[in-house]
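For reference, the chains in residue letters:
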Amino acid sequence: MSRFDEEADDVVRAIEAALFASEEPLSVAQLRQTLGDVPDLAAMLGQLAEDYAGRGVNLVERGGRWHFQTAPDMAHLLRREKDEPRKLSRAGMETLAIIAYHEPVSRAEIEAIRGVQVAKGTLDVLMEAGWIRPAGRREVPGRPLIYATTPEFLTHFGLSSRKDLPGIDDLRAAGLLDPVDLAMEGLSEQDDAESPLEMDEEEA
Amino acid sequence: MSRFDEEADDVVRAIEAALFASEEPLSVAQLRQTLGDVPDLAAMLGQLAEDYAGRGVNLVERGGRWHFQTAPDMAHLLRREKDEPRKLSRAGMETLAIIAYHEPVSRAEIEAIRGVQVAKGTLDVLMEAGWIRPAGRREVPGRPLIYATTPEFLTHFGLSSRKDLPGIDDLRAAGLLDPVDLAMEGLSEQDDAESPLEMDEEEA
Amino acid sequence: MATMDDAIDLFEAPRAGEDVLTVSFDSWEGPLDLLLTLARSQKVDLREISILALVEQYLEFIASARAMKLELAADYLVMAAWLAYLKSALLLPKAQQEDPSPEELALRLQLRLQRLSAMRDAGARLMARDRLGRDVFARGAPEGLKVEKVAIWQASLYDLMTAYGQVKARTQPAMHIVSRRPVMTLDEALERVGALVGARLDWTRLEAFLPDGLSGALGRSALASSFVAILELARQGRVDIKQEEIFAPIFLRPAAAEPEMEQREEADA
């Protein structure tokens, strides 16, 4: 670990300055554009993050992009100065969670999980917030648009990657990210079930 | 001096976070509003400034208000110049050619030769490229600015002097002049002279 | 979650039989949401939940809502009907059951509730994270990384020459020269035929008076001019012309002496 006040070499200082100055999180590639070719940039970032770990400002990586932000335990001091971001409705929250945990998903798939139609405004709000984006179309009849999360989503929610989504491993292990049909198949195989499972029409 | 990565106490961390997150420099009084009553705030700021002195980011005080800024010697990183090759427009090319063949010429003279107006931006681009320069004023009513080529112009186009510019005859031989006007044949001789061209009557 | 607690309160109140009550179905996002709320009120793991009990709660709730003459959205009623069917099927002896079995339908319902519940919890956990701009903050006044684009203007000497050539080509007045077509003028023909006809004594074809070796446009021009010329010469009384029939060769000779004229005049008279 380096001593900030004495030993920071110029490359570390340059990384620090660039990340402090940038209005946006920077990827390693973007940093290289600014700094030129720095050997071991990733390692230096890791070390810088470690150096700042105990400070009031931390260096964090979110989806491959690095930025400085205030330490989470300072929230109570700083929050009052800042306006809280607009509160998401429950529908928005659930929809965002479904997209994040299942991505990419179509609107129909979101609706299948929530049991209600997705109001038009819900996806708009999430896109406006910059958290989701259309991510192509599903190659099935009707070619529905599918949605995925953005790097800004990871940045906003403090996730290094989607693997950091709270509880995602448990949910996956419990099969809760699988569609109901798939889960039923799994269960029926286990049970040696006698009956086929086409019963969607009644399910609505 | 404290070691950033180990010993920063919570008050120091809070000061750090508050200054980092603030959109403007904060006075000691403003910091107190945020942090509550901190004994010896001024001393702590001084120490924090010292800690950061060798970093890529410095804590500085200006007129009683504190803020972080990137270290002055890192400024060059933050304003990066990027070369962008651009092709000269046709208007630019023609204007440059006229200046090269007829220099020094005023804008009105260029327009008379081109038969088309010359936008101010066109001359600006040529000056930005370093190929032409203002070369005084013509001593006629209105005293128009006159333009001439620069040494960079010769360098860029691989000419040792303007005499190397192919004359009208050469251009014609190369098929670069389509409809032929015998009356203009004397032009290449005029080129050699440093005197302004006796412009045709349309110049007025 | 506050909304969930509210929902349970709303639900539990009518069961308690209080008469003044406002039940708003806006509290739930559809029947599945209501079912999940009811399921959670069983306070057991969703995997352990009794679907039969859940169905009964739902039907009871809908019944009480209808008793209070609340407007119920169609999808709540559809769900109620389906659950009533499921309930009866679950209560029937197994042997009489059709495909799909009510156990499967119940299981599917359970799985759906688990999935919705999982996503609801996940959403809440996501929202509770340290969020940028709410709990943690980016730098308030970043200097910004500015990329200044420096234009590198490109042009070659060839471009320069071409451009100048184009200017010159465009601005110089074009001179149009109409090329002369090869013709024999009437004057030339008059002179030629007039000179030659005196040398002939007898009828001679018109073509014999044309210059030798003419062909094409010039030949046709000479023929036409010479023809007009002999008409003029005839008018002046210097030649006689004869043609046997239309398109037959034209002959001429120097005009005969006066007497012929007189004869003609006499004949006319």
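The paragraphs below set out a description of the structure included in this document.

Conventions adopted
- Residues numbered from 1 in each chain as written.
- Chains lettered and ligands numbered in written order.
- Predicted model: local features only at pLDDT ≥ 70, side-chain atom pairs only at ≥ 80, totals over all residues.
- Heavy atoms only, no water.
- Pairing = 2+ DSSP bridges.
- Helix = DSSP H or I, 4+ residues; strand = E, 2+ residues; numbered from the N terminus.
- Contact = heavy atoms within 4.5 Å.
- Axes fitted to C-alpha atoms, helices over the stretch in contact; angles between N-to-C directions.
- Buried area = accessible area lost by both parts, 1.4 Å probe.
- Salt bridge = Lys/Arg side-chain N within 4 Å of Asp/Glu carboxyl O.
- Polar contact = N/O pair within 3.5 Å; in protein donor to acceptor, adjacent residues only side chain to side chain.
- Nonpolar A, V, L, I, M, F, W, Y, C, P; charged D, E, K, R; others polar.
- 1 Å grid on protein atoms, 1.4 Å probe; cavity = no way out; pocket = protein on both sides within 12 Å on 5 of 7 lines; lining within 4 Å.
- Points joined across faces, edges and corners; volume = space filled by probe spheres on them.
- Phe/Tyr/Trp six-rings, centres within 6.5 Å; stacked < 30°, edge-to-face > 60°.
- Buried < 20%, exposed > 50% of the residue type's maximum accessible area, 1.4 Å probe, protein only.
- Core = buried A, V, L, I, M, F, W, Y, C linked by side-chain atoms within 4.5 Å.
- Arc of directions from axis to C-beta.

**A short note on the sheet that holds strand 5 (residues 105-106) of chain B**
All names here are of chain B.
And step 1. Spatial ordering of the open sheet is given by 5-7-6, a layout of 3 strands whose pairing is antiparallel. Every interior strand has two partners, whereas the edge strands, strand 5 and strand 6 (132-137), have only one.
And step 2. Bridge analysis of strand 6 against strand 7 (residues 145-149) gives 4 bridges, and the strand direction is antiparallel. Opposite Arg 133, over in strand 7, you have Ala 148 as the bridge partner.
And step 3. Contacting strand 5, strand 6 and strand 7, helix 6 (residues 90-102) crosses the sheet at an angle of about 90° to strand 7.

**What to know about the interface of chain C and chain B**
And step 1. Contacts between chain C and chain B engage 36 residues on the former and 50 residues on the latter.
And step 2. Overall, the association of chain C and chain B removes approximately 4100 Å² of surface from exposure, summing both partners, and the carbon and sulfur fraction of that is 62%.
And step 3. Ranking the residues of chain C by area buried against chain B places C:Trp153, C:Leu160 and C:Tyr164 at the top, with a combined share of 21%.
And step 4. Linking chain C with chain B are 1 salt bridge, by the criterion used here.
And step 5. Viewed at the interface, chain B and chain C are joined by 11 residue pairs in polar contact (both at pLDDT 80 or more).
And step 6. Counting residues per element, the side of chain C that touches chain B draws most heavily on helix 6 (residues 157-171) of chain C, which supplies 15 residues.
And step 7. Among the residues making up the side of chain C that touches chain B, the classes are represented as 19 nonpolar, 9 polar and 8 charged.
And step 8. Direction of pairing for strand 4 (residues 79-87) of chain B relative to strand 1 (residues 146-154) of chain C: parallel, over a ladder of 9 bridges. Each residue of the ladder has a partner; that of B:Arg79, found in strand 1 of chain C, is C:Lys146.

**Considerations on the layout of surface pockets**
And step 1. Reported here for the second largest pocket is a volume of approximately 570 Å³.
And step 2. Contributing to the lining of the second largest pocket are 30 residues, with A:Ala174, A:Leu176, C:Arg47, C:Gln114 and C:Ala118 lying nearest its centre.
And step 3. For the lining of the second largest pocket, the leading source of residues is helix 5 (residues 102-127) of chain C, giving 10 residues.
And step 4. Taken together, the residues of the lining of the second largest pocket break down into 14 nonpolar, 7 polar and 9 charged.

**Some thoughts on the sheet that holds strand 3 (residues 65-70) of chain A**
And step 1. One open sheet accounts for 3 strands, arranged 1-3-2 (chain A); its pairing is antiparallel. Each end of this open sheet is capped by a strand with a single partner; those strands are strand 1 (26-27) and strand 2 (57-62) of chain A.
And step 2. Lying on the sheet, helix 4 (residues 41-52) of chain A is in contact with strand 2 and strand 3 of chain A; it crosses strand 2 of chain A at an angle near 140°.
And step 3. Running over the sheet, helix 2 (residues 10-21) of chain B touches strand 2 and strand 3 of chain A and is turned about 115° from strand 3 of chain A.

**Some words on the packing of aromatic side chains**
And step 1. Summed over the entire model, instances satisfying the criterion amount to 11 aromatic pairs over all chains.
And step 2. Considering the side-chain rings of A:Phe20 and A:Phe68, the 4.6 Å spacing of their centres and the 50° angle between planes classify their relative orientation as tilted. Of the two residues, A:Phe20 is situated in helix 2 (residues 10-21) and A:Phe68 in strand 3; the sequence distance between them amounts to 48 residues. Each member of the pair, A:Phe20 together with A:Phe68, is buried.
And step 3. Every member of this aromatic cluster is reached through a ring pair, and the members are A:Phe20, A:Tyr52, A:Phe68, B:Phe20, B:Tyr52 and B:Phe68.

**So, the pattern of salt bridges**
And step 1. Applying the stated rule across the entire model yields 37 salt bridges over all chains.
And step 2. When the shortest N-O distance is used, the salt bridge between B:Glu139 and B:Arg143 registers 3.2 Å.
And step 3. Look at B:Glu139 and you get exposed, because its relative accessible area is 61%.
And step 4. The exposure class assigned to B:Arg143 is partly exposed, which follows from its relative accessible area of 41%.
And step 5. A network of salt bridges, in which partner residues are shared, links A:Arg90, A:Glu94, A:Arg114, C:Glu29, C:Asp33 and C:Arg120.

**Description of the nonpolar core**
What tends to happen in soluble globular proteins is that the nonpolar side chains get buried as a cluster.
And step 1. Among the nonpolar cores identified, the biggest contains 52 residues, and A:Leu19, A:Leu31, A:Leu35, B:Ile15, B:Leu19, B:Leu31 and B:Leu35 are the most heavily contacted of them.
And step 2. Ignoring any residue separated from it by four or fewer positions in sequence, one finds A:Leu31 in contact with A:Ile15, A:Ala18, A:Leu19, A:Leu26, A:Gly36, A:Leu41 and A:Leu45.
And step 3. Counting 33 residues, the second largest nonpolar core, distinct from the first, contains B:Ile110, B:Val118, B:Tyr147 and C:Ala155.

**Quick look at the pairing of strand 7 of chain B**
All names here are of chain B.
And step 1. Along strand 7, 4 of the 5 residues are buried, which leaves the element largely enclosed by surrounding structure.
And step 2. Where strand 5 lies against strand 7, 2 bridges are found, and the strand directions are antiparallel. In the sheet register, Ser 106 faces strand 7, and the bridge partner there is Ile 146.

**Notes on helix 3 (residues 28-35) of chain B**
And step 1. All of the buried residues in helix 3 of chain B are B:Leu31, B:Thr34 and B:Leu35. Seen end-on, helix 3 of chain B carries its buried residues on one side only, within an arc spanning 80°. Opposite the buried face of helix 3 of chain B, at more than 90 degrees from it, the exposed residues are B:Ala29 and B:Gln33.
And step 2. Turning to helix 3 of chain B, the residues buried within the fold contact helix 5 (75-78) of chain A together with helix 2, strand 1 (26-27) and helix 4 (41-52) of chain B.
And step 3. Two residues or fewer past helix 3 of chain B, B:Gly36 is found with a positive phi of approximately 85°.

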